[in-house]
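# A look at the structure
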Amino acid sequence: MQYNIDIKGEFADIFKKIRAILLSYPQIKEIKNAKQTSYSDAYGMVVMLRGRADKFVVAFGRGAKMQNKYPILQGSGKIVRHLYFKSIDEVDEVLLRAMIEESFILGMEAFELKELRKML
């Protein structure tokens, strides 16, 4: 399981700090699977974490919709965008919290829009 690798690996300090930030939100659920540790709320995936050989990856499940507001996000896929960290000093808790909370809002908005469409 990726969780077991990340909790003890080269980027364990980064993983533990970001994990603590995520778990400080009562609506977050942690899902440990083979390739990543995922964090979701009632509206879907918020963040996925995974260590790589040369960096730690934080993938935002709604990142594509956040990229204009947070241009530090990287990637070109249809949905997910990434942040990369090489040291604990690069982790900006205030910025991460803002991005996590933006992801919550986007999830709620998508849910509400879907519900409204059902009524039309």
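First, a word on scope: everything that follows refers to the structure included in this document. Just so it is clear, the model here is predicted, and its values are computed rather than measured.

### Section: helix H2 (residues 12-23)
With 12 residues, H2 ought to run about 16 Å at 1.5 Å a step, and its terminal C-alpha atoms sit 16 Å apart, in line with that. Inspection of H2 places Ala-12, Ile-14, Phe-15, Ile-18, Ile-21 and Leu-22 among the buried residues, and these make up the whole buried set. Buried positions along H2 lie against helix H1 (2-6), strand E2 (37-41), strand E3 (44-51), strand E4 (56-60), strand E5 (81-85) and helix H4 (93-119).

### Side note on the pairing of E2
Of all five residues that make up E2, five are buried, and the element is covered over most of its length. Along E2, one buried face is formed by Thr-37, Tyr-39 and Asp-41 and the opposite face, lined by Ser-38 and Ser-40, is buried too. Bridge analysis of strand E1 (residues 29-32) against E2 gives four bridges, and the strand direction is antiparallel. For Lys-29, the partnering residue across the bridge sits in E2 and is Ser-40. Between E1 and the antiparallel strand that follows it, E2, lie four residues. Both E2 and E3 contribute to a ladder of five bridges, which runs antiparallel. Bridging across to E3, Ser-40 finds its partner in Met-45. Linking two consecutive strands that pair antiparallel, namely E2 and E3, is a turn of two residues.

### Description of the side chain of Arg-62
The residue Arg-62 is located in the loop between E4 and helix H3 (63-66) in this model. With a relative accessible area of 12%, Arg-62 lands in the buried category. If we skip the residues at most four places from it in the chain, Arg-62 touches Asp-41, Tyr-43, Gly-44, Met-45, Val-46, Ile-79, Ser-103, Phe-104, Leu-106 and Gly-107.

### Points about the pattern of salt bridges
Counted according to the given criterion, the structure contains six salt bridges. With a shortest N-O distance of 2.6 Å, Glu-30 and Arg-19 are connected by a salt bridge. With a gap of 11 residues between them, Glu-30 in strand E1 and Arg-19 in helix H2 connect regions that are remote in the sequence. A salt bridge links Arg-97 to Glu-93; its shortest N-O distance comes to 2.9 Å. Here Arg-97 pairs with Glu-93, and both are found in helix H4, just four residues apart, close to one helical turn. Here Arg-97 falls in the partly exposed class, since its relative accessible area comes to 23%. Given the relative accessible area of 32%, Glu-93 is considered partly exposed. Several salt bridges converge on common partners, so that one network encompasses Arg-19, Glu-30 and Lys-32.

The rules behind each value
- Residues numbered from 1 in each chain as written.
- Predicted model: local features only at pLDDT ≥ 70, side-chain atom pairs only at ≥ 80, totals over all residues.
- Heavy atoms only, no water.
- Helix = DSSP H or I, 4+ residues; strand = E, 2+ residues; numbered from the N terminus.
- Expected span 1.5 Å × (residues − 1).
- Buried < 20%, exposed > 50% of the residue type's maximum accessible area, 1.4 Å probe, protein only.
- Contact = heavy atoms within 4.5 Å.
- Pairing = 2+ DSSP bridges.
- Salt bridge = Lys/Arg side-chain N within 4 Å of Asp/Glu carboxyl O.

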